[in-house]
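What the coordinates show
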Amino acid sequence: MLDKIPDAEEMTVLVGQSLYNVWNELCTLIEEKYEMECLWNKGGKAWTYEYKYRRGGKTLCALYARENCVGFMIILGKDERARFEAERDNYSKEVQKIYDEAKTYHDGKWIMFELTDNSMFHDFIKLLGIKRKPNRK
């Protein structure tokens, strides 16, 4: 758990203004479609912060921040991977490549995207839809 949740200024200093804008745009996109509990945590060894979207004990996705870098992670279980693989041609080549290179663990395929802009957001919304149907209109 974090001692203190970072504010906008701290996040901007950490990741830079343009990536902070990408972070906020992605959060807005997720929050328009999903009503979730949002949890801040330490980011482990590789990241400074983790911002997780959860509901009913299940994680939808998580955003990560470290110096000059923002990450988006989604974990797809066995059935979710089968759904992605059936529809993979509907995703950008970049998303397919990152999916293919992601490590598969006993609990699913952990897919981490390092963001530079919002170009993959359309694909992210489709991936989130595999995990859970949006619960906001």
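See the structure printed just above.
One structure accompanies this document, and this report is about it. Residue positions within a chain follow its written sequence, with the count starting from 1. Selection of residues for local features in this predicted model requires a pLDDT of at least 70, selection of side-chain atom pairs for listing and counting requires 80 or more, and totals for whole chains, interfaces and linings are taken over all residues. Water and hydrogen atoms were dropped before computing side-chain values, which therefore reflect all heavy atoms in the structure.

1. Points about the overall build of the protein
Inclusion rule: Each helix is a run of DSSP H or I of at least 4 residues and each strand a run of E of at least 2, with the numbering of both proceeding from the N terminus. The globule rule used here is 2.2 Å times the number of residues to the 0.38 power, and the radius of gyration it is set against is calculated over C-alpha atoms. Think of it in three bands: residues with accessible area under 20% of the maximum for their type are buried, residues over 50% are exposed, and the middle band is partly exposed, with areas taken using a 1.4 Å probe on protein chains only. Using the Shrake-Rupley algorithm and a 1.4 Å probe, accessible areas are obtained, with residue cover drawn only from the displayed protein chains. Under this rule, positive means Lys or Arg and negative means Asp or Glu; His and the chain ends count for nothing. Working definition for charges: the position is that of NZ of Lys, CZ of Arg, CG of Asp or CD of Glu.
In terms of helices and strands, the protein carries five helices and six strands. Beginning at the N terminus, the succession of helices and strands in the protein can be written as α-α-β-β-β-β-α-α-β-β-α. Its C-alpha radius of gyration of 15 Å places the protein within 12% of the 14 Å reference for a compact globule of 137 residues. Reported as C-alpha extents along the three principal axes, the dimensions of the protein are approximately 40 × 30 × 30 Å. In the protein, which comprises 137 residues, the share counted as buried stands at 44%. For the protein, the accessible surface area stands at approximately 8,000 Å², while carbon and sulfur atoms represent 49% of it. Computing the positive centroid from 23 side-chain charges and the negative centroid from 23, the protein places the two 7 Å apart.

2. Remarks on the packing of helix α3 (residues 78-87) against helix α5 (residues 121-131)
Operational definition: The angle between two axes is taken between their N-to-C directions and runs from 0 to 180 degrees, where each axis is a line fitted to C-alpha atoms and a helix contributes only its stretch in contact. Roughly parallel covers angles under 35 degrees, roughly antiparallel covers those over 145, roughly perpendicular covers 65 to 115, and oblique covers all other angles. Left-handed describes a crossing whose near helix is turned anticlockwise from the far helix through less than a right angle; right-handed describes the clockwise counterpart. Pairs of residues are marked as contacts when any of their non-hydrogen atoms sit within 4.5 Å.
Following both chains from N to C, one finds α3 and α5 inclined at 140 degrees, their axes separated by 9 Å at the closest point. Of the possible angle classes, the one that applies to α3 and α5 is oblique. At the point where α3 passes α5, the crossing takes the right-handed sense. Counting all contacts with α3, which are made through Glu80, Arg83, Phe84 and Glu87, the residues of α5 involved are Leu127, Gly129, Ile130 and Lys131.

3. Considerations on the pattern of salt bridges
To be explicit about the condition: A side-chain nitrogen of Lys or Arg and a carboxyl oxygen of Asp or Glu constitute a salt bridge if their distance falls within 4 Å.
Within the structure shown, the criterion is met by seven salt bridges. The partner of glutamate 50 in a salt bridge is lysine 52, with the nearest N and O atoms 3.9 Å apart. Under the relative-accessibility criterion, glutamate 50 is labelled buried at 10%. Judged by relative accessible area, which is 19%, lysine 52 ranks as buried. Its salt-bridge partner being aspartate 100, residue arginine 88 comes within 2.8 Å of it at the nearest N-O pair. Residue arginine 88 is located in the loop between α3 and α4 (93-101), and its partner aspartate 100 is located in helix α4; the two are separated by 12 residues in the primary sequence.

4. Details of the environment of lysine 4
The cut-off we apply is this: Any pair of N or O atoms that falls within 3.5 Å is considered a polar contact. Within protein, one atom must be able to donate a hydrogen and the other to accept it, and sequence-neighbouring residues count only if both atoms are side-chain atoms.
Mapped onto the fold, lysine 4 is located in the segment before α1 (8-15). Between the C-alpha atom of lysine 4 and that of asparagine 135, which follows or precedes it by 131 residues, the distance is 29 Å. Here glutamate 10 takes part through its side chain, which lies 2.5 Å from a polar atom of the side chain of lysine 4.

5. Let's talk about the packing of aromatic side chains
Going by this rule: Within 6.5 Å between ring centres, the rings of Phe, Tyr and Trp (the latter by its six-membered ring) count as paired, and their orientation is classed by plane angle as stacked under 30 degrees, edge-to-face over 60, tilted in between.
In the structure shown here, the tally under the stated rule is 13 aromatic pairs. Ring geometry for phenylalanine 72 and phenylalanine 113: centres 6.1 Å apart, planes at 35 degrees, overall tilted. Linking phenylalanine 72 in strand β4 (residues 69-76) with phenylalanine 113 in strand β6 (residues 108-115), this pair joins segments that are 41 residues apart in sequence. In this pair, the class of phenylalanine 72 matches that of phenylalanine 113, namely buried. Measuring from centroid to centroid gives 4.8 Å for phenylalanine 113 and phenylalanine 124, while their planes differ by 55 degrees, and the two rings are tilted. With a gap of 11 residues between them, phenylalanine 113 in strand β6 and phenylalanine 124 in helix α5 connect regions that are remote in the sequence.

6. Regarding α1
Selection criterion: Note: the arc covers the axis-to-C-beta directions of the helix.
Where α1 is concerned, the buried positions are Met11, Thr12, Leu14 and Val15. The buried residues of α1 occupy one face: seen down the axis, they fall within an arc of 165 degrees. Those residues of α1 that are exposed and angled more than 90 degrees off the buried face are Glu9 and Val13. If you check the start of α1, you find a side-chain oxygen 3.2 Å away from the backbone N of glutamate 9, and it comes from aspartate 7.

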